[in-house]
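Here are the chains, one letter per residue:
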Amino acid sequence: MGRKVTVATCALNQWALDFEGNLQRILKSVEIAKRRGARYRLGPELEICGYGCWDHYYESDTLLHSLQVLAALLESPVTRDIICDVGMPVMHKNVRYNCRVIFLNGKILLIRPKMALANEGNYRELRWFTPWSRSRQTEEYFLPRMIQDVTKQETVPFGDAVLATWDTCIGSEICEELWTPRSPHVDMGLDGVEIFTNASGSHHVLRKAHTRVDLVTMATAKNGGIYLLANQKGCDGDRLYYDGCALIAMNGCIFAQGSQFSLDDVEVLTATLDLEDVRSHRAEISSRNLAASKVSPYPRVKVDFALSCREDLLEPPSEPIEWKYHSPEEEISLGPACWLWDFLRRSRQAGFFLPLSGGVDSAATACLVYSMCRQVCEAVKQGNQEVLADIRTIVDELSYTPQDPRDLCGRVLTTCYMASENSSQETCGRARELAQQIGSHHIGLNIEPAVTAVVGIFSLVTGRRPLFAAHGGSSRENLALQNVQARLRMVVAYLFAQLSLWARGARGGLLVLGSANVDESLLGYLTKYDCSSADINPIGGISKTDLKAFVQFCVEHFQLPALQAILAAPATAELEPLTDGQVSQTDEEDMGMTYAELSVYGRLRKVAKAGPYSMFCRLVTMWKDVCSPRQVADRVRRFFSKYAANRHKMTTLTPAYHAESYSPDDNRFDLRPFLYRAGWPWQFRLSSLRAEASRTWTGWTDAAPAQRTPPARLPCARWASPGPVSGDPAPQAGRPHQPLVSYLTGEGSVPSSAFKKGSNKENVVSGSRICVCGGTKSPPRPPPPSPPRFPESSLWALSPRGSQPPCCRVKLRWGGPHTLTFPPSAGEGAVGGLCCSPWPEAFPKKRNL
């Protein structure tokens, strides 16, 4: 009896509601799987109708056409002698389910509904489907007449069951079920299931692939078994790109890896694996076997079929491989480029139009189109006839065969530098040089006449002429004049996108590309209806930090030296007047924060679910080495104020490639109000109170960051011997406070409880001892052989609302202790602070004193 099985999984570039195309791709995948000897074929989730139908799932047409495609598959001779596992919506007792339909030789074996629905982030499956909640239970499903006519069956099993063939047992999971805390494969494996299948509709997010792979390998390592994962690939009609990564694993090892990014519409993986390897792996896991003896059984659907052959001795089994991951820069170069390709060919447009400013964002967008051209040329070189046919349709030349990416880029990408009187020659030159190196058709024009005309209309009507701030205007005037330039660029972009090919004697129109990154969108640092308003935006879900790394990647891998100057230049919108011909406006100065800070705010806001107060509490710890609590509170206040004021811009955000977990996309991923009380009075007040309460415990002043030298660690303090803390009565006479203080670098304050003066003048804290020695979190370090002399230091008596003259001075030497006395003139409620300034240059910066 044979024991080696050949199984197949696939990644298909399905398109929502493209029933004809989806059917042909399914049939092609089955044909390839059979040609390679597979006896079981697994396809992606909802592959018959396409995953991204969204509210079309409500329509009876979607159910009807899915059944029609299923009937065509059941009748096709291609699906004979192989178990086919396809995905489609099914209505059972007037309830809609996301299902797997498993059939063999024209007979349906099992309809398995999804039990855990994805309902977070980009997913809304509970909106359209109901999860099957009856674990290990099935019931009869009465087939529609059109299916009965083909299968000659009246009813089939519907529910949570497994298939029992002559030689093994097969169980199904659907996408989200792999990610749940108690996945079905756990109990199925304990009940003897040896082959697990998972049909997914999982989209690409930067740095996500390892999580998916780890889930599969860990599942089979702990419980043993063969695991097949199928996934959709490509753009099926919206912001998501499904990134394939089909795989076959066994006992914690990978045996087949599918591509994550590819222009192939159909990709099939097969592997030949020995079932005895699964059985021997399980045999030695005693804890697994003990649990298996207690598990509740699954209903089994008997299948008169075997996945193995009787004589397979000479059949070579597949060997394990090591999974190859892409770097984030490679993911950016491939994922959005494939998304652009699907959008271009399926929209039947003739190319792209990109406003090229000479900055990092628009340069990165241009590089993505160039990367797309490189992938098209490579696919044609490898014999992909579908890609060749599509590109010939796009360029409207039936004999064209792309070989040079630069030549192809010149046919499908038009770039345009739109200068105003505030544009510099440097950005113009950088844009022109990059366009030459990637081969795009480049246009240079000046929009200043249009700007002058629009402002002139306003002046004619109102009798007043707005001025830039540099020329004496107010901030309102300054912002309005910047927005006029930005919005006119959008108008010009769409005009040229519609008519530039017409002017060149070519057919078709161009898709306008936007180039606003995820950080700018999050803050609203863009003009509503400017060049950020486009048809699609391939970088709208990518952070500025990742974009810079990607552009550097393009310098090295695409040989585009023009990008070096773009990376070195400061990010600027160039909407304000130049100063002596040089740019005086920068993005980070306008925003009041850096792009790196924006990424932190974005992840805390979305991923960590932090509001203003929670974000303040997190950042006080995260940024303790660079900011005081007061400064953290101010930065959080600045971010949330701008975020709230600009949130309305997210309602018109250009559809963008989803690549980040903190995207502010208002369409489906980030559902929040767009009208806020921008002052956040309750939240900001609480943060301010916490910041003020923390000031006496930190070693920071509120000086500007540029004027501050951050310490290696904030100072800390504790009582060296029993004594009162803040709020306790003053000590008895003759029993002074003895705080132990540790400093590393810089200046700081001892907590107020260390030197607080009592309310009773007879109990003035007198003779308090300060021991300048080791830190509180580690044993004191021995002094250096020749310790440097300390500078003169001062103990200041401070009132809660302001400073007073110093009450005493003392020379500090290594080792201490030193006795300091509060004079009666210090006043009620005075607190002491120890500061050393200037710090001795010869003293080691990171040694406890």
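These numbers come from a predicted model, not from an experiment. (Residues numbered from 1 in each chain as written. Predicted model: local features only at pLDDT ≥ 70, side-chain atom pairs only at ≥ 80, totals over all residues. Heavy atoms only, no water.)

*Asks:* Honestly, the overall build of the chain in this entry has me stumped. Any pointers?
*Replies:* When helices and strands are tallied, the chain shows 23 helices and 28 strands. Expressed as a percentage of its 849 residues, the buried residues of the chain come to 56%. Long-range pairs, those at least 24 residues apart, make up 74% of the contacts in the chain with a sequence separation of at least 6. Total accessible area on the chain is roughly 36,700 Å²; 54% of this is exposed by carbon and sulfur atoms. (Helix = DSSP H or I, 4+ residues; strand = E, 2+ residues; numbered from the N terminus. Buried < 20%, exposed > 50% of the residue type's maximum accessible area, 1.4 Å probe, protein only. Contact = heavy atoms within 4.5 Å. Areas by Shrake-Rupley, 256 points an atom, 1.4 Å probe, with all protein chains shown as cover.)

*Asks:* How should the confidence of the model for the chain be read in this particular structure?
*Replies:* Predicted coordinates in areas of low pLDDT are best not read in detail. When pLDDT is averaged across the chain, the result is 84; 82% of the residues are at 70 or more. Here residues 696-849 is a poorly scored stretch, pLDDT under 50, and it has 251 contacts once near neighbours within four places are set aside; other chains count. (pLDDT = per-residue confidence, 0-100.)

*Asks:* I keep staring at the pairing of strand S11 (residues 226-234) and nothing clicks. Help me out?
*Replies:* When a strand is regular, its side chains alternate between the sheet's two faces. Judged by how many residues are buried, S11 sits mostly within the fold: nine of nine residues are covered. Note that strand S1 (residues 4-12) and S11 share two bridges and pair parallel. Looking at the pairing, Ala11 lines up with Asn231 of S11. Inspection of the sheet shows strand S10 (residues 195-200) paired to S11 by six bridges, in the parallel sense. Bridge pairing in S11 links Ile195 to Ile226. (Pairing = 2+ DSSP bridges.)

*Asks:* It is not clear to me how the packing of helix H20 (residues 595-606) against helix H22 (residues 629-646) should be interpreted in this structure. Could you clarify?
*Replies:* Think of two packed helices as two axes; the pair is described by the angle between the axes and how far apart they sit. Between H20 and H22, the least distance of the axes is 12 Å, while the angle of their chain directions is 75°. Considered as vectors, H20 and H22 are oriented roughly perpendicular to each other. Here Glu597, Leu598, Tyr601 and Arg605 of H20 lie close against H22, whose contacting residues are Arg635, Phe639 and Tyr643. (Axes fitted to C-alpha atoms, helices over the stretch in contact; angles between N-to-C directions. Parallel < 35°, antiparallel > 145°, perpendicular 65-115°, else oblique.)

*Asks:* Looking at this structure, I do not really get the sheet that holds strand S19 (residues 441-446). What am I missing?
*Replies:* The pairing of strands in a sheet comes from backbone hydrogen bonds and takes either a parallel or an antiparallel form. Spatially, S19-S18-S17-S20 is the arrangement adopted by the four strands of the open sheet, whose pairing is parallel. Only two strands of the sheet have a single neighbouring strand rather than two, namely S19 and strand S20 (511-512). The pairing of strand S17 (residues 352-355) with S20 spans two bridges and is classified as parallel. Looking at S20, one finds that Phe353 is bridged to Val512. Where helix H10 (residues 360-381) meets the sheet, its contacts fall on S17 and strand S18 (413-419), and the angle it forms with S17 comes to roughly 155°.

*Asks:* Looking at this structure, how should I read H10?
*Replies:* The α-helix advances 3.6 residues per turn, and as a result positions three or four apart in sequence lie on the same side. Its 22 residues give H10 an end-to-end C-alpha distance of 31 Å, which sits within 8% of 32 Å, the value for a rise of 1.5 Å per residue. Burial runs high along H10: 19 of the 22 residues are buried. After H10 finishes, the residue Gly383 shows a positive phi value of roughly 95°. (Expected span 1.5 Å × (residues − 1).)

*Asks:* Quick question: what am I supposed to make of the pattern of salt bridges here?
*Replies:* Between side chains of opposite charge, a pair can form when the charged atoms approach closely. In this structure the tally under the stated criterion is 35 salt bridges. Glu139 is the partner of Arg134 in a salt bridge, and the nearest nitrogen-oxygen pair spans 2.4 Å. Classification of Arg134 by relative accessible area gives partly exposed; the value is 34%. Residue Glu139 is classed as buried on the basis of its relative accessible area, which comes to 17%. Residue Asp670 pairs with Arg647 through a salt bridge whose shortest N-O separation is 2.9 Å. On the criterion of sequence distance, the pair formed by Asp670 in the loop between H22 and helix H23 (681-694) and Arg647 in the loop between H22 and H23 is long-range, its members being 23 residues apart. Summarising the burial analysis for this pair, Asp670 and Arg647 share the class buried. (Salt bridge = Lys/Arg side-chain N within 4 Å of Asp/Glu carboxyl O.)

*Asks:* Please explain a nonpolar patch on the surface as it appears in this structure.
*Replies:* A contiguous nonpolar surface patch, about 380 Å² in accessible area, is contributed by Ile457, Leu460 and Val461. As for its position among the elements, Leu460 is in helix H14 (residues 448-462). (Patch = residues over 30% accessible without salt bridge, like charges linked within 9 Å, V, L, I, M, F, W, Y side chains within 5 Å.)

*Asks:* Before we go on, may I ask you to explain the packing of aromatic side chains in this structure?
*Replies:* Remark: the centre distance and the inter-plane angle together describe each pair of aromatic rings, the angle taken between the planes. In the structure shown here, the tally under the stated rule is 27 aromatic pairs. A centroid spacing of 5.9 Å and a plane angle of 55° characterise the contact between Trp339 and Phe343, whose relative ring orientation is tilted. Linking Trp339 with Phe343, this pair stays in helix H9 (residues 328-347), spanning four residues, or about one helical turn. An aromatic cluster is defined as three or more aromatic residues linked by ring pairs; in this entry it consists of Tyr51, Trp54, Tyr57, Tyr123, Trp128, Phe129 and Tyr242. (Phe/Tyr/Trp six-rings, centres within 6.5 Å; stacked < 30°, edge-to-face > 60°.)

*Asks:* Would you mind going over the nonpolar core with me for this structure?
*Replies:* Taken as a class, soluble globular proteins show a tendency for nonpolar side chains to be buried jointly. In terms of nonpolar packing, the biggest core is built from 64 residues, with Leu340, Phe352, Met372, Ile391, Leu434, Phe550 and Leu563 touching the most fellow members. When residues in this core are grouped by element, the largest group, 14 residues, is from H10. Discounting chain neighbours no more than four positions away, the residues touching Phe550 are Glu329, Ile332, Ser333, Ala364, Cys367 and Leu368. (Core = buried A, V, L, I, M, F, W, Y, C linked by side-chain atoms within 4.5 Å.)

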